[in-house]
Structure formats: structure tokens, C-alpha cells
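Close look at the chain arrangement
If you want the building blocks of each chain, they are given just below.
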Amino acid sequence: MSESVGVIGAGYLGTTHAACLAELGFDVLVAETDAARVAALRAGRLPFFEPGLAALLERHTASGQLRFTTSVQELADHADVHFICVGTPQRRNGLAADTTQVRTVVESLVPRLSRTTFLIGKSTVPVGTAAELSELSRALAPPGVLVEVAWNPEFMREGHAIVDTLAPDRLVFGVASTEAEKVLRHVYASVLARDVPVVVTDLTTSELVKVGANAFLATKISFANAMAELCEATGGDVLTLTEAIGHDVRIGHRFLTPGLGFGGGCLPKDIRALMARAGELGVSEVLTFLRQVDSINMRQRRKIVEMAVEECRGDVLGRRIAVLGASFKPETDDVRDSPALSVAAQLHLHGALVSVYDPRSNTNAARLYPALHYADSVASAVTGAHLVLHLTEWAEFSRLDPVELLALVDEPRIIDGRNALDPRRWRDAGWSYRAPGRPHLN
Ligand code: UGA
């Protein structure tokens, strides 16, 4: 079996996966259609921030073990195992995932193959896609060339991508033959040697495992936010509630932090794609269930906007509001479907003078929402502010000294949209502190 592998797509998933495969000792070639991106990566420049990845990229591009190309033919010649890592974004005109890019990969690569090849999907796809790609591959393969599709879903989190790839909680192999299973066991041999559990299943189940995992995580967060709403209506404290229920090992504490809700390139898109697929399959109760999870999540953004309006005595027009955080979560510069930016943009639309500061994502945020003002420090963002919103829980913000900030703001009011600051410190310093699900603090 060859020690060469191919990766298709040099986005977040493909670049991380390729660098990790190089780290595992493989000779990796990545094919990407965007020539500018290929040039940047060849020069060792990462087009996004991910802790530790720049060092891996530099090391393995320097050694020649990790290379990038725009040529699909070069990729076809390089290896007989290829990982499909292209995007499946939400369609512009609906909730479903757009699988054009995964189909295009098969259409361009398969006719160029000259030996038995395994195409291993890592992209998150609607259930049934892998079976369709298998058929398409059979139809497009040159005479005498066998092409087999397998699915190996990815569970990595942004900000923790390297550890999640090299030391995952589990590996899932969706295969249609024992040969495909052997290939995957070979690729991941050194990961499996560390006692990582592996689940071997069919293509359909492997696709569903991925969307099921993300839907469950999304449900946990929305459940915590539903409890926050109940606490607001009754005077209870949601952080005490989630702490108490989380001690039950069947529930656990993780992914139970109430606040602004989930965003990013995966959870919101994946839950909507699953809703769309559930609708197509006619399982309407599943669709209704997922719709509630999505709707509670989106409601959290509106709630923070409403809270901000209340704090500004009913009208934000002309009020200076400092927004701390723009990325969808800390340790990333990713602003896709960012709850923080969505709140900032809504307040701007209501006429507030919004000043945003994020330790890493100001540039990406400014590309998406150029009309907002971006500050280069917390101090600059909060100077003269009538209200401060803490919307992405970077460590830098937890370390802020509320006493020092008091001298800079116009009015000492803060909404902690992530329930991540210490209310006592802020209140003792003379701030009005509010957070979702914690009415007794108001
Ligand atoms: C998510 C999954 O966690 C990964 O397992 C999966 O591989 C990935 O999607 C994917 O499909 O590629 P990621 O998008 O990096 O990873 O982000 P998460 O860490 O899951 O956070 C998602 C959102 O939930 C963030 O906006 C975060 O602030 C929010 N969140 C998280 C909460 O609001 N409360 C919590 O308790 C936890």
C-alpha cells in the first residue's frame, strides 16, 4: 500500500487534515482550485488562524512532505487514496447543504485515475450523498479502473483542530468493503495505536453519525438556553441549574453554557441541512424538533439586542456601544455566522454607534460588515461607551480589570452575553452587570 495520500480542498478542514497526515508520516499532496491560496500555502502562509497549525505547515512544506497543487492530474498520479475535504455550504435559496463541490471533485478526479483508488469523504454531507458519489464514480471510472467511495467524518473543533485530528475521541469508518476498512486502518494506524475507539459501519450510518453528533451538541446548547429563558421568567439562576444537572454523569457539564448560542461554519449550517433532509425524507417530527433547536438559538441573538435596547432606556439611536468579540467563539478568527457580529450589526441597524474589538478577527469581521467601526484595543472600543457587550469569551476579556475600565466608559453597564465573566468583580467595581438567565443579578 502506498505511503502517498491526496487531499482535495485546502480550506480549514483540508489544510488541517493534510498537515496532520504529513505529521503521521505520509507524503501528502493537496489539490485546490484557488491558485492564490495554493501560492500562499506553498510559501507556508496559513489563510486562517488555528493554534499550532502554522508550525506544522512550515515544517512539512519545508521538508517537502506536504505539497500543494492546482492540477487534478498531478493529484490523480500522486496516490491511490484521496480524502475529499471540500465545503458543503448552506444553499443560498434554502436550508439544504449544497453538495456541488463534492460532486465536482468526483467528476474531475475519477476520469483521470489509472489504478484502483479509494475516495474517502470527510466533508459533512446530507445522508445518501456517499451512495450517490459511489454510483457516479463507477459511471465515470476509466475501463478496468476500480474506484471505491468510503466516508470518514470529521469531528474536529476549530481552535483544537490538531489535537482533535491526531488524538480524536473516536474514528468512524463508513465502508462498503473490507479493503476500504484496511486502507483507513492503515492511514490511522498510529492514531489507533493510542487506543482510540473506532466504529466501522456502512456509508449511510457514517454520514448520519456526523450530523447526529452536531445536532446533539446544538440541542444541548439550545436546551441550556431554554432553561435560561425559564430562569428569566421565574427569577431562577441558570448557571446554578446547569451546574447542578451537569453533575449527573448522564448529562455532563460540557456544551451546557447558556448565552448567545451557537454559531460558526458548522453547527447552524448542519442542523439546517438535517432539517431539510428530514423534510425530504418525510420524517416531519424530526424536522419540527430540529427547527425548535435552531429557533431557540436564533432567539438568543434577538434577546441580547433587546437587553441592550432596555439598558439604553428603550432606544440605542446615537448611543455608543462597545462590542467585545467578533469571532463565533474564542481561539479562532472565523466570523462565519458569528452571533457576536450578528448582534453588533443589528444594533448598528438600530442606529447605535457600535465599536467592535476582537483579538484576532477584526479583519475578517470588517470584510463581512464594513459599516461597523473596529477598534484596535479594548480600551479604544470602550472609551465613551454607554454600554459594553461581552459577546465572545476570549481569555483577554476575563482578565480585564473592571476598575480600570470604569475611567474610560461613559456609563458602567455591561451585558455578559456568554456568562463568562465574574459578576461579583464587575458589580463590586460599580458596574451594572446583566447576563442571560441570571435575573437575580439585575
Ligand atoms: C463543531 C463541533 O463541536 C465539532 O465536533 C465538529 O467537528 C465541527 O463543528 C464541524 O462540524 O466541523 P466548531 O464549529 O469548531 O465545532 O465549534 P464548537 O466548539 O462546537 O462551538 C460552536 C458554537 O457553540 C460556538 O459559537 C460556541 O460559542 C457555542 N457554544 C458552545 C455555546 O453557546 N455554549 C456551549 O456550552 C458550547
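About the thresholds
- Residues numbered from 1 in each chain as written.
- Predicted model: local features only at pLDDT ≥ 70, side-chain atom pairs only at ≥ 80, totals over all residues.
- Buried ≥ 20, exposed ≤ 12 C-beta atoms within 10 Å, placed from the backbone.
- Helix = DSSP H or I, 4+ residues; strand = E, 2+ residues; numbered from the N terminus.
- Pairing = 2+ DSSP bridges.
- Contact = placed C-beta atoms within 7 Å.
- UniProt positions renumbered as here; feature names shortened; annotations may be inferred.
- Near = placed C-beta within 6 Å.
- Nonpolar A, V, L, I, M, F, W, Y, C, P; charged D, E, K, R; others polar.
- Domains from an automatic or database assignment.
- Axes fitted to C-alpha atoms, helices over the stretch in contact; angles between N-to-C directions.
- Parallel < 35°, antiparallel > 145°, perpendicular 65-115°, else oblique.
- Left-handed = near helix turned anticlockwise from the far one by under 90°.
- Core = buried A, V, L, I, M, F, W, Y, C linked by C-beta atoms within 7 Å.

1. So, the pairing of strand β12 (residues 387-390)
Along any regular strand the residues' side chains alternate between the sheet's two faces. Residues Leu387 and Leu389 point to one face of β12 and Val388 and His390 to the other, with burial holding for every one of them. Bridge count between strand β9 (residues 320-324) and β12: four bridges; the pairing is parallel. When the sheet's bridge partners are listed, Leu324 is paired in β12 with His390.

2. Points about unusual backbone geometry
Among all residues except glycine, the phi angle is most often negative; among peptide bonds, the trans geometry is most common. Its identity as a non-glycine residue notwithstanding, Arg313 has a phi of 55°, on the positive side. Tracing the sequence through the fold places Arg313 in the loop between α13 (284-311) and β9.

3. Let's talk about the environment of Gly318
By secondary structure assignment, the location of Gly318 is in the loop between α13 and β9. It is 14 Å that separates the C-alpha atoms of Gly318 and Ala344, two residues lying 26 residues apart in sequence. Setting aside anything within four residues of it in sequence, one finds Gly318 in contact with Gly351 and Leu353.

4. Some words on the UniProt feature "domain: UDP-glucose/GDP-mannose dehydrogenase C-terminal" (unreviewed entry) in the protein chain
Mapped onto the present numbering, the UniProt feature "domain: UDP-glucose/GDP-mannose dehydrogenase C-terminal" (unreviewed entry) falls on residues 322-423. The span residues 322-423 is 32% helix and 18% strand, and its two end C-alpha atoms sit 18 Å from each other.

5. Describing the site of the ligand
Among the 22 residues in the neighbourhood of the ligand, the closest are listed as Glu158, Thr257, Phe262, Gly264 and Cys266. Where the shell around the ligand is concerned, the elements lending two or more residues are α10 (203-234) and α12 (267-281). Here the shell around the ligand gets three residues from one element, more than from any other, and that element is α10. Residues of the shell around the ligand, tallied by class, amount to 10 nonpolar, seven polar and five charged. Residues from two domains meet in the shell around the ligand; each of domain 1 (4-201) and domain 2 (211-295) gives at least three.

6. As for the packing of α13 against helix α14 (residues 339-349)
It is the contact of α13 with α14, at a shortest axis distance of 9 Å, that shows an interaxial angle of 45°. Relative to α14, the element α13 is oriented oblique. The handedness of the crossing between α13 and α14 is right-handed. Seen from α13, the contacting residues are Arg301, Ile304, Val305 and Ala308; seen from α14, they are Pro339, Ser342, Val343, Gln346 and Leu347. Looking at the contact of α13 with α14 residue by residue, the class counts come to six nonpolar, two polar and one charged.

7. Some remarks on the nonpolar core
Val5, Ile8, Val28, Ile84 and Ala150 are the most contacted members of the largest nonpolar core, which has 77 residues in total. At nine residues, α10 tops the list of elements feeding residues into this core. Mapped onto the domain boundaries, this core takes at least three residues apiece from domain 1 (4-201) and domain 2 (211-295). In contact with Ile84, other than residues within four places in its own chain, are Ile8, Val102, Val105, Leu119, Ile120, Gly121, Lys122 and Ser123. In terms of nonpolar packing, the next biggest core, distinct from the first, is built from 46 residues, Ile321, Val343, Val354 and Trp394 among them.

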